[in-house]
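Coordinates in review
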Amino acid sequence: MGALSHIRVLDLSRVLAGPWATQILGDLGAEIIKIEKPGEGDETRHFGPPFVQGVDGARGDAAYFLSANRNKKSVAIDISKPEGAALVKRLARRSHVVVENFRTGALAKYGLDYQSLKQENPALIYCSLTGFGHDGPYKDKAGYDYLIQGMGGLMSITGQPDGAPGAEPMKVGVAVSDLVTGLYAAIAIQAALIHQAKTGEGQEIDLALFDCQAAGLANQAMNYLVSGNAPKRLGNAHPNIVPYQVFATTDGFLILAVANDGQFKRFCKTAGLEYLSNDARYATNAARVDHRSELTQLLKPVMQARATAEWITALEAANVPCGPINRIDQVFADPQSLARGHRIAMEREGSAIELVASPLRLAATPPEYRLPPPVLGEHTEDILGEHLGLTPKEIEILRKSAVI
């Protein structure tokens, strides 16, 4: 039994930040009831190609949807209809947590906002994820990951530096603002569950992608707050550590991650550059940062004189952090990935699918893979019957009225 197997989560979220959080909770054992619009469902079901093959060879759901929706039960309810909103309200009474990512205030017209639902369930934890939060001048703006990466500062420090070929602000290759917000949401919800267990009290959680991205700037934000200087794009280099970047080799590229002075000395010895570690301009990390450009130019031809594998063998023997740049197919073929079980297999609609495993490794309460990402509305009748006590006849009436 998972650590959260006693928890029921009513999931009104879609796309990535909210579903990422609820998938984590589901992996830890919580029952996740995902509410989706009949006939359409979560937008990410259509974010393809690629798509999985559905029943009878028809096009199924997009791979994007599968990435964030295992361990969930899909219930198709049209909340824009009064009967549909009433069903969701009844489910909220029987849930510990509600997660939603509608625009600020959008659910109030259906009576599904926190102020309405807490009257019916005072112990309810209500986690709202929006682009900019429930207050401030941007509270009514839509917030998508790409916009938040730009407005939240991440793109200003990602990409080649000014003057270099291809220099322009660059987004990260995955929706990292959404993912970070989903992680913060999972943390906040679990903290609220502890408070709920101690006191019986619920609470509202107001999470904004903009806030989470600003917090996720980490050392770069502090670099600005301490120095007063806005960090700039450095390509693959590190703002506070040198040499900590990508170098070309004879047959590709190598990441060299020298994080302290001892590692730099060992690197220099391995590379035949011992004179550099004795030079006051490069002997300490602070000095190397000050002389970043000169040192990098000295290292480039040396690094390009050997193949990537040759460098890795030599540097690992000297205990100098380094590594290749793997394509995604190479990641999942890597011996370490195989040993750690990065892939899991599940059955969905009679066919085997592969999913990415949870990275959580808990000895006593490990993640569980109980349910594959659901087909739209797959569990509607089961949930309405089991949790709300609706009869087959009542369910059929709702279906004929297009409420479900």
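Everything here concerns the structure above.
Here the structure is a predicted model, which means the values were calculated and not measured.

Conventions used here
Residues numbered from 1 in each chain as written. Predicted model: local features only at pLDDT ≥ 70, side-chain atom pairs only at ≥ 80, totals over all residues. Heavy atoms only, no water. Helix = DSSP H or I, 4+ residues; strand = E, 2+ residues; numbered from the N terminus. Buried < 20%, exposed > 50% of the residue type's maximum accessible area, 1.4 Å probe, protein only. Contact = heavy atoms within 4.5 Å. Areas by Shrake-Rupley, 256 points an atom, 1.4 Å probe, with all protein chains shown as cover. Axes fitted to C-alpha atoms, helices over the stretch in contact; angles between N-to-C directions. Parallel < 35°, antiparallel > 145°, perpendicular 65-115°, else oblique. Left-handed = near helix turned anticlockwise from the far one by under 90°. Nonpolar A, V, L, I, M, F, W, Y, C, P; charged D, E, K, R; others polar. Arc of directions from axis to C-beta. Salt bridge = Lys/Arg side-chain N within 4 Å of Asp/Glu carboxyl O. Core = buried A, V, L, I, M, F, W, Y, C linked by side-chain atoms within 4.5 Å. Pairing = 2+ DSSP bridges. Disulfide = S-S within 2.5 Å. Phe/Tyr/Trp six-rings, centres within 6.5 Å; stacked < 30°, edge-to-face > 60°. Lys NZ or Arg CZ within 6 Å of the ring centre and 35° of its normal.

**As for the overall build of the protein**
- Secondary structure summary: the protein contains 17 helices and 13 strands in total.
- When its C-alpha atoms are laid out on the principal axes, the protein stretches across 85 × 50 × 40 Å.
- The 404 residues of the protein split such that 43% are buried.
- Counted over contacts in the protein with a minimum sequence separation of 6, partners at least 24 positions apart contribute 67%.
- Surface exposure of the protein reaches about 20,200 Å², of which carbon and sulfur atoms provide 55%.

**A few points about the packing of helix α1 (residues 17-27) against helix α6 (residues 176-199)**
- Between α1 and α6, the least distance of the axes is 7 Å, while the angle of their chain directions is 45 degrees. Between α1 and α6, the interaxial angle falls into the category oblique. Classified by chirality, the crossing of α6 by α1 is right-handed. In contact with Ala 17, Trp 20, Ala 21, Ile 24 and Leu 25 of α1, α6 contributes Asp 178, Leu 179, Thr 181, Gly 182, Leu 183, Ala 185, Ala 186, Ile 189 and Gln 190.
- Of the residues assigned to the contact of α1 with α6, the class counts are ten nonpolar, three polar and one charged.

**Here's the deal with helix α13 (residues 308-317)**
- For α13, the full list of buried residues reads Thr 308, Trp 311, Ile 312 and Leu 315. The arc that holds every buried residue of α13, seen down its axis, measures 100 degrees, which confines them to one face. For α13, the exposed residues set more than 90 degrees away from the buried face come down to Ala 309, Thr 313 and Ala 317.
- If you follow the buried residues of α13, they end up packed against β10 (253-257), α9 (261-271), α12 (292-303) and β11 (322-323).
- Positioned one or two residues after α13, Asn 319 has a phi angle of 60 degrees, which is positive.

**A closer look at the pattern of salt bridges**
- In the structure shown here, the tally under the stated rule is 21 salt bridges.
- Its salt-bridge partner being Asp 42, residue Lys 34 comes within 2.9 Å of it at the nearest N-O pair.
- Among the residues examined, Lys 34 registers a relative accessible area of 0% and is labelled buried.
- Among the ionic pairs, Arg 348 bridges to Asp 61, the shortest N-O distance being 2.5 Å. Placement of the pair is Arg 348 in strand β12 (residues 343-348) and Asp 61 in strand β4 (residues 59-62), with a sequence separation of 287 residues. Across the pair, exposure class does not vary: Arg 348 and Asp 61 are buried alike.
- Overlapping salt bridges bring together Glu 36, Arg 45, Asp 61, Arg 348 and Glu 349 as one network.

**Section: the nonpolar core**
- Counting 27 residues, the largest nonpolar core has Leu 10, Ile 35, Ile 77, Leu 87 and Leu 384 as its most contacted members.
- Those elements giving two or more residues to this core turn out to be β1 (8-12), β2 (31-36), α3 (82-93), α4 (114-120), α16 (380-388) and α17 (392-400).
- Broken down by element, the residue count for this core peaks at five residues, all from α3.
- Other than its neighbours up to four places away in sequence, Leu 384 contacts Ile 77, Leu 87, Gly 389, Leu 390, Ile 395, Leu 398 and Ile 404.
- Of all hydrophobic cores here, the second largest spans 26 residues; its members include Leu 4, Ile 7, Val 97 and Ile 189.

**Observations regarding the sheet that holds β1**
- Strands sit in the order β5-β2-β1-β6-β7-β8 across an open sheet of six strands; the sheet is parallel. Because the sheet does not close on itself, it has two edges, and the strands there are β5 (73-76) and β8 (203-208). When strand polarity is set aside, the average angle formed by the axes of neighbouring strands in this sheet is 20 degrees.
- Sheet strands in contact with α6 are β6 (97-100), β7 (125-130) and β8, and its direction is about 165 degrees off that of β8.

**Some thoughts on the state of the cysteines**
- Under the defined criterion, the tally for this structure stands at zero disulfides.
- With no disulfide of its own, Cys 127 lies 9.3 Å from the sulfur of Cys 212, the closest cysteine sulfur.
- Accessibility expressed as a relative area gives 0% for Cys 127, which makes it buried.

**Comments concerning the packing of α16 against α17**
- Contact pair α16 / α17: the axes reach a minimum separation of 10 Å and the direction vectors enclose 135 degrees. Put simply, α16 runs oblique to α17. Once α16 is placed against α17, the crossing between them reads as right-handed. On α17, the residues that touch Glu 381, Leu 384 and Gly 385 of α16 are Ile 395, Leu 398 and Arg 399.
- Of the residues that constitute the contact of α16 with α17, the class distribution is three nonpolar, one polar and two charged.

**Details of the pairing of strand β13 (residues 351-356)**
- As paired strands, β12 and β13 are joined by six bridges and run antiparallel to one another. Each residue of the ladder has a partner; that of Arg 343, found in β13, is Val 356.
- From the end of β12 to the start of β13, which pair antiparallel, there are two residues, and Glu 349 there has a positive phi angle of about 55 degrees.

**Describing the packing of aromatic side chains**
- Considering all chains together, one arrives at five aromatic pairs under this definition.
- Judged by centre distance (5.3 Å) and plane angle (85 degrees), the rings of Phe 47 and Tyr 64 are edge-to-face. Of this pair, Phe 47 sits in the loop between β2 and β3 (51-53) while Tyr 64 sits in helix α2 (residues 63-66), and the two are 17 residues apart along the sequence.
- Here Tyr 64 falls in the partly exposed class, since its relative accessible area comes to 29%.
- Aromatic ring contacts, followed pair by pair, group Phe 132, Tyr 138 and Phe 210 into a single cluster.
- Directly above the aromatic system of Phe 102 lies the positively charged group of Arg 14, at a separation of 4.4 Å from the ring centroid.

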